[in-house]
Amino acid sequence: MTVLQSIFLGLLQGFTEFLPVSSSGHLLLAEKLFDIQAGLFFDVMLHLGTLLAVVISMRKCLWQTIRHPIADKRFVYLVVASVPTFVIALLVKLFVPEAFLANLLPIGFALTIVLIIVSDRLSRPRLRLEQTGWLPVIITGVTQGIAVFPGLSRSGSTISTMKLFGVNASDAAEFSFLLSIPVILASAAVEGYEALTAAITVPWYCVVIGIAAAFCSGLVSVYMVMRAVKTKSWIWFAVYLIIPLTISLIIL
């Protein structure tokens with residue numbers, strides 16, 4: 001891997017992580033189209049850049065949640081939603097081959113399109129996050145776990161799920177961003193441990209540069225999503241996803 005390739009993948013990861021278009025799907029497509037030998041470890045490390053972008057962008061909300069873990073329902077909701085996510089992700093990690101996951105890419109893109117359209121047309125967002133019950137939180141955690149499959153957008157799935165349960169778009173997006181923190185940390189820890197016990201082909205300086213690029217573009221992505229959920233329909237994201245869906249059907 002070259003420095004330019006690491007920058008390209010880092011920027012791609014950051015821009016697509018929080019937009020409802022699937023960063024994992026875009027990375028997989030880019031690596032296949034341009035014959036970039038990155039691997040799962042590099043892809044997971046890029047998520048550290050977007051994690052830092054979330055922490056900085058949502059620092060006030062995150063600090064409030066940490067300072068008042070009992071009074072602020074978001075902390076408990078994050079814990080409850082993360083449990084099914086971790087269980088599903090672990091089962092996929094242990095029993096589903098990485099090569100098989102790649103073959104599901106077109107299905108993931110198609111499901112993301114359906115979720116965006118359904119949530120945009122059928123949802124009636126009117127509730128604040130703290131007004132919702134436990135079921136929407138648990139289902140959102142399950143949805144995030146299923147979104148480990150390439151092409152199925154994590155942010156698109158979780159935000160759409162919350163909107164379908166009546167949570168307003170801004171709170172749904174905010175919760176989705178916060179919910180990404182524990183799963184990214186867990187993934188980075190697992191892949192980091194495996195990197196120490198196996199030969200990693202990607203140079204470490206490329207990993208660092210890629211993380212920095214993902215951080216910068218991730219900040220922009222967070223801002224774009226928060227504006228989009230407040231002022232615009234998400235249908236245009238569904239229209240855009242027809243492009244990577246078509247490409248994935250051709251190259252896979």
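About the thresholds
- Residues numbered from 1 in each chain as written.
- Predicted model: local features only at pLDDT ≥ 70, side-chain atom pairs only at ≥ 80, totals over all residues.
- Heavy atoms only, no water.
- Patch = residues over 30% accessible without salt bridge, like charges linked within 9 Å, V, L, I, M, F, W, Y side chains within 5 Å.
- Areas by Shrake-Rupley, 256 points an atom, 1.4 Å probe, with all protein chains shown as cover.
- Salt bridge = Lys/Arg side-chain N within 4 Å of Asp/Glu carboxyl O.
- Helix = DSSP H or I, 4+ residues; strand = E, 2+ residues; numbered from the N terminus.
- Buried < 20%, exposed > 50% of the residue type's maximum accessible area, 1.4 Å probe, protein only.
- Phe/Tyr/Trp six-rings, centres within 6.5 Å; stacked < 30°, edge-to-face > 60°.

Let us look at a nonpolar patch on the surface. On the surface, a cluster of nonpolar side chains totalling about 770 Å² of accessible area is made up of F75, V79, V83, V87, L90, L91, L94 and F95. Mapped onto the elements of the fold, F95 is located in helix α5 (residues 73–95).

The next point concerns the environment of M224. When you line up the elements, M224 lands in helix α11 (residues 204–231). In this structure the C-alpha to C-alpha distance between M224 and K32, which are 192 residues apart in sequence, comes to 27 Å.

On to the pattern of salt bridges. Within this structure, the stated rule accounts for four salt bridges. The residue R154 makes a salt bridge to E17 at a minimum N-O spacing of 3.8 Å. Of the two residues, R154 sits in helix α9 (residues 154–164) while E17 sits in helix α1 (residues 3–17), which places them 137 residues apart along the sequence. Residue classification places E17 among the buried residues on the basis of a relative accessible area of 5%.

Turning to the packing of aromatic side chains, a few remarks are in order. In total, this model carries four aromatic pairs according to the counting rule given. Seen in terms of ring centroids, F18 and F177 are 5.2 Å apart; in terms of plane orientation they differ by 80°. Their pairing is edge-to-face. Placement of F18 in the loop between α1 and α2 (23–33) and of F177 in helix α10 (residues 169–196) is noted, with a sequence separation of 159 residues between them. Using a relative accessible area of 0% as the deciding quantity, one classes F18 as buried. F177 sits in the buried class, given a relative accessible area of 0%. Between the aromatic rings of W234 and F237, the centroid separation amounts to 5.7 Å while the plane-to-plane angle is 75°, which identifies the pairing as edge-to-face. F237 shares its class with W234; the two are buried.

So yeah, pure geometry; function would need other evidence.
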